[in-house]
Amino acid sequence: MVTSVQSSLWKFLQRFYTVLIFFFLYAPIIVLIVYSFNDSRLSVGWSGFTLDWYVKLFEDRQIIRSFYYTISIAVLSSTIATIIGTFAAIGIHHMKSFRKQLILSINNLPLLNPDIVTGVSLMALFVFFKAELGFITMLIAHITFNIPYVILSVLPKLRQMPKDMLEAAMDLGATPWYALRKVIIPEISPGIITGALIAFTMSIDDFVISFFTTGNGVSNLSITIYSMARRGINPKINALSTILFVSVLSLMLIINKRQSKESKKSI
Amino acid sequence: MLKKYSGHPYILWSMIFIVFPLILVIYYSLVKVSSETGRLMFSIEGYKTFMQPLYLKVFIKSVLLALEATALCLVIGYPIAYIIANMKPELQKFMALLLILPMWMNFLLRTYAWISILGKNGIINRFLGVIGLPALDLMFNDKAVLIGMVYNFLPFMVLPIYTVLSKIDKSVIEAAQDLGANSRIVMRKVVVPLSIPGIISGITMVFMPAVSTFVIPSLLGGGRSVLIGNLVEQQFLVVGNWNFGSAISVVLMIFILMSMRIMKRYDVEEEGEMNLW
């Protein structure tokens, strides 16, 4: 008897704790979404429901432009980083131990270094070469911090691949390109996709490195939000973030449902 | 041919955009524009300035605050990782998704939202007012920065620990129980030691961004809470003293690489590949 009471109390405590933690994680998001419907510029107190911010959002050129920059930098940088990173991973995989260690250590630098050091060092580079800070420099910076994620997601897949698959394909008459397209890429594609997704996410959410490597009025959403923060964030930004958040949420739910359906089918 | 050359573009890229910029920062930390000739000359003034008590204090404060945030994340995060790892498999996947989901909302915006929760006219103080308690001064101090850090980095602690815990073979735990260990001993002697690799990566993933952040203190600390990251940002973008800014960056970089090195020693599960750092 005592143990059953104890275990149900234990269960209750576990549930309570879980709810508490997730409340902590989601409280700011709830606040943000609620204020996107608030009929007041200030984010204090509730002054009635409105959809105004959602309408005005599309008239705000600064926000729309920074949204455009965020997305185009994310798409371009993750695509280029995925291509360079996948080839690099294939090359690294076949290197001898010392060179492999060296290049992997260099590859780890942007991951280990604080963002601010990476940002400052890239800014120093661009200024040193008298490159004008703007879209291109920010794009280069994003590619640079994205490649390591791609390499680290592709390498394990290459290790899982049977050792002599490339040789076998080439012995059977495949050109290196053909072997790459028909043998290697299909084998490591889960790693490539994971890497590309991580790269895209990192690029969309980056603030620090972009902050140091951009200029000339080119700013992504994070930078726009940061510069707004001093004057108070406009609810239009809340509206945009709500739209983005809800779209990602529904996308994930759809993927999740599909996967669980497929896994049920296979059982 | 494919094997031999496919890595070369990246080797070139990493030399230009990873290695050279860092060398440049080290170089700038050692040179200064001479006030007499207007030319660059060797100077360790940046490091000397950093050794002044004023700046050393900022550095120590950043490290202590980051340590506090890391410890809090571990204490809060371990139980939740444990609870999730013991749920049904489908539920586990969903909970892991719930942990990652907030990261899809802009991190600055999520941090900023804390102002309307903790602020003077924020939700907590309004609630306290309703039940007749005096308002608390929660915003724009080190406590607010700490809350911001724990909030932002908690998932980085929970996820690696959860991953390791969910992979523990249940039969190991059963074996310990069969051999007479009670639940506390199982926890202390089996579960926690097996989850050390997760704890290690959790600690590094929280401590590293926490010690170098400049966004959280500048949003939630309101100028009253200057950390090492703010110092770097100010030197490069406001003051324009690259010599000092680079010196702080170099110190920060060496400090982080060294602490990673120390942490790695406690990591029992070494991967086959060695690393220079």
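Residues numbered from 1 in each chain as written. Chains lettered and ligands numbered in written order. Predicted model: local features only at pLDDT ≥ 70, side-chain atom pairs only at ≥ 80, totals over all residues. Heavy atoms only, no water.

### Digging into the overall build of chain B
When helices and strands are tallied, chain B shows 14 helices and two strands. For chain B, whose C-alpha radius of gyration is 23 Å, the value lies well above the compact-globule estimate of 19 Å for 277 residues. Each principal axis of the C-alpha distribution contributes one length, and for chain B these read about 80 × 70 × 35 Å. With 277 residues in all, chain B has 50% of them scored as buried. Carbon together with sulfur atoms contributes 67% to the accessible area of chain B, which is approximately 14100 Å² in total. Of the side-chain charges in chain B, 22 are positive and 15 negative, and the distance between the mean point of each set is 5 Å. (Helix = DSSP H or I, 4+ residues; strand = E, 2+ residues; numbered from the N terminus. Rg over C-alpha atoms; globule rule 2.2 N^0.38 Å. Buried < 20%, exposed > 50% of the residue type's maximum accessible area, 1.4 Å probe, protein only. Areas by Shrake-Rupley, 256 points an atom, 1.4 Å probe, with all protein chains shown as cover. Lys, Arg positive; Asp, Glu negative; His and termini not counted. Charge placed at Lys NZ, Arg CZ, Asp CG, Glu CD.)

### Regarding the overall build of chain A
In terms of regular secondary structure, chain A is built from 11 helices and zero strands. The N-to-C order of helical and strand elements in chain A reads α-α-α-α-α-α-α-α-α-α-α. Computed over its C-alpha atoms, the radius of gyration of chain A comes to 24 Å, more than 25% above the 18 Å expected for a compact globule of 267 residues. Each principal axis of the C-alpha distribution contributes one length, and for chain A these read about 75 × 75 × 35 Å. In chain A, which comprises 267 residues, the proportion classed as buried is 49%. Approximately 13900 Å² of chain A is accessible, and the part contributed by carbon and sulfur atoms is 67%.

### Regarding the domain arrangement of chain B
All names here are of chain B. Domain annotation of chain B identifies domain 1 (1-43) and domain 2 (54-106 + 140-265). The C-alpha-based centres of domain 1 and domain 2 are spaced at 31 Å. Contact residues are listed per partner, giving nine residues for domain 1 and seven residues for domain 2. Approximately 590 Å² of surface area, both sides summed, lies buried where domain 1 meets domain 2, with 74% of it carried by carbon and sulfur atoms. (Domains from an automatic or database assignment. Contact = heavy atoms within 4.5 Å. Buried area = accessible area lost by both parts, 1.4 Å probe.)

### Description of the interface of chain B and chain A
With 79 residues of chain B in contact, the opposing surface of chain A contributes 87 residues. Here chain B and chain A share an interface that buries about 7800 Å² over both sides, 78% of which is from carbon and sulfur atoms. Of all residues in chain B, Lys3(B), Tyr10(B) and Trp104(B) give up the largest surface area on contact with chain A, accounting jointly for 10% of the area buried on that side. There are 10 residue pairs in polar contact (both at pLDDT 80 or more) connecting chain B and chain A. (Polar contact = N/O pair within 3.5 Å; in protein donor to acceptor, adjacent residues only side chain to side chain.)

### Side note on the packing of helix H11 (residues 196-212) of chain B against helix H14 (residues 242-265) of chain B
Think of two packed helices as two axes; the pair is described by the angle between the axes and how far apart they sit. Residues and elements named next belong to chain B. The geometry of H11 relative to H14 is characterised by a closest axis approach of 11 Å and an angle of 170 degrees between their N-to-C directions. In terms of their interaxial angle, H11 and H14 are classed as roughly antiparallel. Contacts between H11 and H14 involve Ile 200, Ile 203, Thr 204, Phe 207, Met 208, Val 211 and Ser 212 on the former and, on the latter, Leu 252, Phe 255, Ile 256, Ser 259, Met 260 and Met 263. Of the residues belonging to the contact of H11 with H14, the class tally is 10 nonpolar, three polar and no charged. (Axes fitted to C-alpha atoms, helices over the stretch in contact; angles between N-to-C directions. Parallel < 35°, antiparallel > 145°, perpendicular 65-115°, else oblique. Nonpolar A, V, L, I, M, F, W, Y, C, P; charged D, E, K, R; others polar.)

### So, helix H8 (residues 176-205) of chain A
Given a rise of 1.5 Å per residue, 30 residues ought to cover 44 Å, yet the end C-alpha atoms of H8(A) are separated by just 37 Å, more than 12% below that figure. A bend of about 60 degrees at Ser189(A) is the largest found in H8(A), and the proline Pro190(A) appears one to four places after it. Residues of H8(A) that are buried include every one of Ala179(A), Leu180(A), Val183(A), Ile184(A), Ile188(A), Gly191(A), Ile192(A), Gly195(A), Ala199(A) and Ser203(A), and no others. Elements that come into contact with the buried residues of H8(A) comprise helix H3 (61-93), helix H6 (135-160) and helix H7 (165-171) of chain A together with helix H1 (2-5) of chain B. (Expected span 1.5 Å × (residues − 1). Bend = angle between axes of the 7 residues up to and from the residue.)

### Section: the packing of helix H10 (residues 221-229) of chain A against helix H6 (residues 107-118) of chain B
Look at H10(A) against H6(B): their axes get within 9 Å of each other, and the N-to-C directions meet at 25 degrees. It follows from the interaxial angle that H10(A) and H6(B) lie roughly parallel. In this structure, H10(A) contributes Ser222(A), Ile225(A), Tyr226(A) and Ala229(A) to the contact, and H6(B) contributes Leu108(B), Leu109(B) and Tyr112(B). The residue inventory of the contact of H10(A) with H6(B), partitioned by class, reads six nonpolar, one polar and no charged.

### Overview of the confidence of the model for chain B
Residue and element names in this part refer to chain B. When pLDDT is averaged along chain B, the result is 87; 96% of the residues meet or exceed 70. Averaged pLDDT values for the elements of chain B fall to 74 in H1 and rise to 95 in helix H4 (residues 53-85). Counting interchain partners and residues more than four positions distant, the pLDDT-below-50 stretch residues 269-274 has seven contacts. Here the complex is predicted with pTM 0.87, and the ipTM for its interfaces comes to 0.86. (pLDDT = per-residue confidence, 0-100.)

### Quick word on the packing of aromatic side chains
Geometrically, a pair of aromatic rings is defined through the distance of the ring centres and the angle of the planes. Inspection of the entire model under this criterion finds 29 aromatic pairs over all chains. Pairing Phe24(A) with Tyr151(B) gives two aromatic rings, centres 5.7 Å apart and planes at 90 degrees, and the pair type is edge-to-face. A residue pair is termed interchain when its members come from two chains, as with Phe24(A) in helix H1 (residues 2-35) and Tyr151(B) in helix H8 (residues 142-167). A relative accessible area of 22% places Phe24(A) in the partly exposed class. Ring centres of Tyr69(A) and Phe135(A) lie 5.8 Å apart, and the angle between their planes is 50 degrees; this geometry places the pair in the tilted category. Here Phe135(A) lies in helix H6 and Tyr69(A) lies in helix H3, a separation of 66 residues in the sequence. Note on Phe135(A): relative accessible area 23%, which makes it partly exposed. Each member of the aromatic cluster is reached from another via a ring pair, and the members are Phe207(A), Phe211(A), Phe212(A), Tyr226(A) and Phe214(B). Across the ring face of Trp53(A), the terminal group of Lys56(A) is positioned such that the distance to the ring centre comes to 5.1 Å. (Phe/Tyr/Trp six-rings, centres within 6.5 Å; stacked < 30°, edge-to-face > 60°. Lys NZ or Arg CZ within 6 Å of the ring centre and 35° of its normal.)

### Digging into the pattern of salt bridges
All names here are of chain A. Enumeration over the complete set of coordinates arrives at four salt bridges over all chains. Put simply, Lys 56 and Asp 52 hold a salt bridge, and the shortest N to O gap is 3.9 Å. With a gap of four residues between them, Lys 56 and Asp 52 both fall in helix H2 (residues 52-57), about one helical turn apart. Overall, the relative accessible area of 37% leaves Asp 52 in the partly exposed class. (Salt bridge = Lys/Arg side-chain N within 4 Å of Asp/Glu carboxyl O.)

### A closer look at unusual backbone geometry
All names here are of chain A. Phi angles above zero are rare outside glycine, and Lys 130 is one such case at about 55 degrees. Along the chain, the position of Lys 130 falls in the loop between helix H5 (115-128) and H6. Residues other than glycine seldom take positive phi values, yet Asn 216 does so here, at roughly 55 degrees. Mapped onto the elements, Asn 216 comes out in the loop between helix H9 (208-213) and H10.

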